[in-house]
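# Coordinate analysis (summary)
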Amino acid sequence: MKQKLLTGLSLLFGLLLINGGLNKFFNYMPVPENLPEELVKDSTALMEIAWLMPLIGFAEVLGGILIIFPKTRALGALVIFPVMVGVLLTHLLVEPSGLPIALVIWAILLWIIYENRKKYLPMVS
């Protein structure tokens, strides 16, 4: 049962990442009009670096695809980890209203990492 739950959550997490990454390329989701000024400034600064948003989008799509499949899930968690650090810091420091969702997503990521911990041991031994 635990494995089925992790697989289901990994599928949802992967699809969420793929959607977010593809949106960085195709801009199909409307941006809310009532964003806090500091968040708008941060986003504008990120977009000033022309290659950064496509890189983040690529990492999200790649990480999402890898997380969906159990065989590549451990690698996907490593690919998406830096992006998720940025998401968490943004919600902690700039826009706390999204923090509950960010914490749920982080819980899923940490569960994926925990379940694949044996695959990471050769990297640190």
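Residues numbered from 1 in each chain as written. Predicted model: local features only at pLDDT ≥ 70, side-chain atom pairs only at ≥ 80, totals over all residues. Heavy atoms only, no water.

### A look at unusual backbone geometry
Test applied: Secondary structure elements follow DSSP: runs of H or I of four or more residues count as helices, runs of E of two or more count as strands, with numbering from the N terminus.
Phi angles above zero are rare outside glycine, and Asn-27 is one such case at about 45°. Residue position: Asn-27 is located in the loop between α1 (2–26) and α2 (37–48).

### Let's talk about a nonpolar patch on the surface
Operational definition: Here, patches come from residues exposed beyond 30% relative accessible area and free of salt bridges, joined within 9 Å for like charges and within 5 Å for nonpolar side chains (Val, Leu, Ile, Met, Phe, Trp, Tyr). Computed with a 1.4 Å probe, the accessible areas rest on the Shrake-Rupley method; for each residue, only the protein chains presented here act as cover. Salt bridges are identified by distance alone: a Lys or Arg side-chain nitrogen within 4 Å of an Asp or Glu carboxyl oxygen.
A cluster of nonpolar side chains, contributed by Leu-22, Phe-25, Phe-26, Tyr-28, Met-29, Phe-58 and Leu-62, occupies part of the molecular surface with about 670 Å² of accessible area. Those elements that provide at least two residues to the nonpolar patch are α1 and α3 (52–68). The element that contributes the greatest number of residues to the nonpolar patch is α1, accounting for 3 residues.

### Observations concerning the pattern of salt bridges
Stated formally: Each residue's exposure class comes from its accessible area (1.4 Å probe, protein chains only) as a fraction of the maximum for that residue type: buried when under 20%, exposed when over 50%, partly exposed otherwise.
For the structure on display, the rule yields 3 salt bridges. Notably, a salt bridge pairs Glu-60 with Lys-24, separated by 3.0 Å at the nearest N-O pair. Residue Glu-60 is located in helix α3, and its partner Lys-24 is located in helix α1; the two are separated by 36 residues in the primary sequence. Here Glu-37 and Lys-41 are joined by a salt bridge, their closest N and O atoms 3.6 Å apart. Residue Glu-37 and its partner Lys-41 are located together in helix α2, separated by 4 residues, close to a single helical turn. As far as burial versus exposure is concerned, Glu-37 and Lys-41 are alike and both exposed.

### Considerations on α1
Where we set the bar: For a helix, the expected span equals 1.5 Å multiplied by the residue count minus one. Here a residue-residue contact requires only that any non-hydrogen atoms of the pair lie within 4.5 Å.
Its 25 residues give α1 an end-to-end C-alpha distance of 36 Å, which sits within 8% of 36 Å, the value for a rise of 1.5 Å per residue. Taken together, the buried positions of α1 are occupied by Leu-6, Ser-10, Phe-13, Gly-14, Leu-17, Ile-18, Gly-20, Gly-21 and Asn-23. Looking at the packing, one finds that the buried side of α1 touches α3, α4 (73–93) and α5 (99–115).

### Points about the nonpolar core
Selection criterion: Buried Ala, Val, Leu, Ile, Met, Phe, Trp, Tyr and Cys residues form a nonpolar core when they are joined through side-chain atoms within 4.5 Å.
Judged by nonpolar contacts, the single largest core of 20 residues is most densely connected at Phe-13, Ile-67, Ile-80, Met-84, Leu-109 and Ile-112. The set of elements that each furnish at least two residues to this core consists of α1, α3, α4 and α5. Apart from the residues lying within four places of it in its own chain, the contact partners of Met-84 are Phe-13, Ile-105, Trp-106 and Leu-109.

### Here we look at the side chain of Arg-73
To keep it simple, the criterion reads: When charges are counted, Lys and Arg contribute as positive and Asp and Glu as negative, whereas His and the chain ends are disregarded.
One can find Arg-73 in helix α4. Buried charge without a partner: Arg-73 forms no salt bridge, and the closest opposite charge is Glu-115, 8.5 Å away.

### With respect to the layout of surface pockets
Basically, it comes down to this: Only protein atoms enter the 1 Å grid, on which a cavity is a set of points fitting a 1.4 Å probe that cannot get out and a pocket is an open set with protein on both sides within 12 Å along at least 5 of 7 lines, lining residues being those with an atom within 4 Å of a point. Grid points are joined across faces, edges and corners, and a volume is the space filled by probe spheres set on the points. As a working rule, the residues Ala, Val, Leu, Ile, Met, Phe, Trp, Tyr, Cys and Pro are called nonpolar, Asp, Glu, Lys and Arg charged, and the rest polar, with Gly in that last group.
Counted as a void, the largest pocket has a volume near 1,600 Å³. Together, 38 residues line the largest pocket, and Lys-24, Ser-43, Met-53, Glu-60 and Val-87 are the ones closest to its centre. For the lining of the largest pocket, the elements supplying multiple residues, two or more each, are α1, α2, α3, α4 and α5. Looking at the lining of the largest pocket residue by residue, the classes come out as 23 nonpolar, 11 polar and 4 charged.

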